[in-house]
Amino acid sequence: MPDSPFLLTAWSRVVLCCGVLAAAVGCGGSTAATPAPSASRTAAVGDAAALLAKEQLDLEKDELKLGFIKLTDCAPIVIAKELGYFDDEGLSVTVEAQANWKILLDRVISGELDGAHMLAGQPIAATVGFGTKAHIVTAFSMDLNGNGITVSKSVWQQMQEADPKLDSPTPPHPITAAALKVVADRQKAAGDPLKLGMVFPVSTHNYELRYWLAAAGIHPGFYTADDTRGVIDGDVLISVTPPPQMPATLEAGTIQGYCVGEPWNQQAVMRDIGVCVVTDSEIWKNNPEKVFGVTKEWAGKHPQTHLAVVKALIRAGKWLDAVDEKGEFLNRKRACEILARKDYVGADYDVIANSMTGTFLFQSTDRQEQKDFNVFFEGFATYPYYSDCIWYLTQMRRWGQIDEPRDDAWYHETAKSIYLPEIYRQAAQLLVDEGQLTTDDVPWDTDGYKSATSEFIDGMEFNGRRPREYLAKFPIGRKD
């Protein structure tokens, strides 16, 4: 019997690896003369030797279908597939683009997908029963930051008229919504409220857009149990648009601004139809963005397969954030080339590279260095902190998606039923044992709560240990 319940028997590994080695060198019982080894064959022998050196998990399921939306932050799933990290775990993974976030979530719940790239709010909302009801869990946070808010050229011109400091090729950052409030108030008074897009009611984008607006005194509107449009008492109208359709919808004038991930802000800038006014790292520095989600039922039936997937995703995140001695990304250009393929993000390499390689283009005259626009590993980016989950729960309550007051204990218990750091730590320990991670790569001693931070655009301090106290601070929104 193996030492660990997660691992194959030694004999199984020998049989498996001998098979791989035989296939690699072409000596699988053939009596033909053995040709000289090619470079690729030599590499395959090396890979097989590496496989022999590591333990394999005893997978309950080895053929998986994973879903994603065409955004650059699907990168950990794509890279784990393209670089063979799933293969290394004995997994045969198909990755499949989904039309929108609702379809993606529905297909995970129905079992058509084993797991998926999800909005951080999706597992949380589904579990508490907003929009749909299903217990979704996550053991892997896919990235930090990665979104932006773009307005049309017409709205930008009006913001510049309201605030002359913005009338510059390189206006000062971060840009608050103070100048937008002048535009929003004028349009509301004229009976034609400003129309803004976001990607899903429980998306990071919805909460970030609302946060940015409310911080400047613009009421984004409430949800209620009877009205789930999120527009009650609002100064603006916020609605759902799928991410890849954002630039075209802006250009058509259906909406005058939006919050979305990349490359859809950069595409609007490069097509000269919009100006990106703020990134989400300026709204909340190092905010958690996407997660890898599965149903609780799937995780219960496939614990070792789940562990194997998380291992592969952790390796992909580390590869994406690798830098040289000067701090320059080593692999991001290659990642952009892969993501640009039509079966993945399907946008031009230059558009994707604008935000993935350390800079961000706000408008044609304003390129800023933003190395932390997409963070896939550094700073324990992929660790599933309970406090991240609690921030989303506070915003769901703030805007009425959670329709009743809850005590602090409810927030903590809910977070611990959705976020599974114990799975992450098991996966990380196996990677440390295999030499893929160092012990410094993992926050072993955390209790799941980040330190309190006030690195928000309004300077409001968030302490995940005291969610009700946090809610009570905001001038706009539910306070209990």
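Residues numbered from 1 in each chain as written. Predicted model: local features only at pLDDT ≥ 70, side-chain atom pairs only at ≥ 80, totals over all residues. Heavy atoms only, no water.

### Brief notes about the nonpolar core
Now for step 1: If you look at the biggest cluster of nonpolar residues, it comprises 84 residues, and the most contacted ones within it are Met159, Leu180, Trp212, Leu213, Val277 and Trp391.
Now for step 2: The leading source of residues in this core is helix α17 (residues 386-398), at 7 residues.
Now for step 3: Ignoring anything within four residues of it in the chain, the contact list for Met159 reads Val151, Leu166, Ile175, Thr176, Ala179, Leu180, Val183 and Val277.
Now for step 4: Counting residues in hydrophobic clusters, the runner-up holds 58 residues, among them Val78, Leu313, Ala347 and Leu430. (Core = buried A, V, L, I, M, F, W, Y, C linked by side-chain atoms within 4.5 Å. Buried < 20%, exposed > 50% of the residue type's maximum accessible area, 1.4 Å probe, protein only. Helix = DSSP H or I, 4+ residues; strand = E, 2+ residues; numbered from the N terminus. Contact = heavy atoms within 4.5 Å.)

### Quick notes on the environment of Ala316
Now for step 1: By secondary structure assignment, the location of Ala316 is in helix α14 (residues 303-321).
Now for step 2: Given the relative accessible area of 0%, Ala316 is considered buried.
Now for step 3: Filtering out sequence-adjacent residues up to four positions away, Ala316 remains in contact with Pro76, Ile79, Ala80 and Tyr85.

### Some details on the pairing of strand β1 (residues 63-68)
Now for step 1: Sheet topology places β1 next to strand β2 (residues 92-97); 6 bridges connect them, and they run parallel. Bridge pairing in β2 links Phe68 to Ala97. (Pairing = 2+ DSSP bridges.)

### Quick word on the packing of α17 against helix α18 (residues 408-418)
Now for step 1: In the contact formed by α17 and α18, the axes pass within 9 Å of each other and the chain directions differ by 125°. In this view, α17 runs oblique relative to α18, as classed from their interaxial angle. Between α17 and α18 lies a crossing whose hand is right-handed. On the side of α17, the interface is formed by Tyr386, Cys389, Ile390, Leu393, Thr394 and Arg397, while α18 contributes Trp410, Tyr411, His412, Thr414, Ala415, Lys416 and Ile418. (Axes fitted to C-alpha atoms, helices over the stretch in contact; angles between N-to-C directions. Parallel < 35°, antiparallel > 145°, perpendicular 65-115°, else oblique. Left-handed = near helix turned anticlockwise from the far one by under 90°.)

### Notes on helix α16 (residues 349-356)
Now for step 1: Within α16, 6 of the 8 residues are buried, which leaves the element mostly enclosed by the surrounding structure.
Now for step 2: When α16 is considered as a whole, its buried residues turn out to be Val351, Ile352, Ala353, Asn354, Ser355 and Met356.

### Considering the pattern of salt bridges
Now for step 1: What the rule picks out here adds up to 28 salt bridges.
Now for step 2: With a closest N to O distance of 2.9 Å, Arg315 and Asp88 form a salt bridge. Of this pair, Arg315 sits in helix α14 while Asp88 sits in helix α4 (residues 85-88), and the two are 227 residues apart along the sequence.
Now for step 3: Look at Arg315 and you get buried, because its relative accessible area is 14%. (Salt bridge = Lys/Arg side-chain N within 4 Å of Asp/Glu carboxyl O.)

### Focus: the sheet that holds strand β3 (residues 115-119)
Now for step 1: With mixed pairing, 5 strands are arranged side by side in an open sheet as β2-β1-β3-β10-β4. Edge positions in the sheet fall to β2 and β4 (136-141), since each has one partner strand and no second. This sheet shows a mean twist of 30° between the axes of neighbouring strands, independent of strand direction.
Now for step 2: Judged from the 4 bridges that link them, β3 and strand β10 (residues 290-295) form a sheet pairing that is antiparallel. By the bridge assignment, Met118 is partnered in β10 with Val291.

### Focus on the sheet that holds strand β6 (residues 195-198)
Now for step 1: Strand order in the open sheet formed by 5 strands is β7-β6-β8-β5-β9, and the pairing between neighbours is mixed. Both outer strands of the open sheet, β7 (237-240) and β9 (274-279), are each paired with one neighbouring strand and no more. Across the sheet, the axes of successive neighbouring strands diverge by a mean angle of 25°, strand direction being ignored.
Now for step 2: Pairing of strand β5 (residues 147-152) with β9, which is carried by 5 bridges, proceeds in the antiparallel orientation. The residue bridging Gly148 from the neighbouring strand is Thr279, located in β9.

### Description of the layout of surface pockets
Now for step 1: As a volume, the second largest pocket reaches approximately 320 Å³.
Now for step 2: Its residues assigned to classes, the lining of the second largest pocket shows 8 nonpolar, 6 polar and 6 charged. (1 Å grid on protein atoms, 1.4 Å probe; cavity = no way out; pocket = protein on both sides within 12 Å on 5 of 7 lines; lining within 4 Å. Points joined across faces, edges and corners; volume = space filled by probe spheres on them. Nonpolar A, V, L, I, M, F, W, Y, C, P; charged D, E, K, R; others polar.)

### Examining the side chain of Ser203
Now for step 1: Checked against the element boundaries, Ser203 lands in the loop between β6 and α9 (204-215).
Now for step 2: When its relative accessible area of 0% is taken as the criterion, Ser203 is described as buried.
Now for step 3: From its side chain, Ser203 meets the backbone nitrogen of Asn206 in a polar contact 3.0 Å long. (Polar contact = N/O pair within 3.5 Å; in protein donor to acceptor, adjacent residues only side chain to side chain.)

Scope: geometric values only; no functional claims are made or implied.
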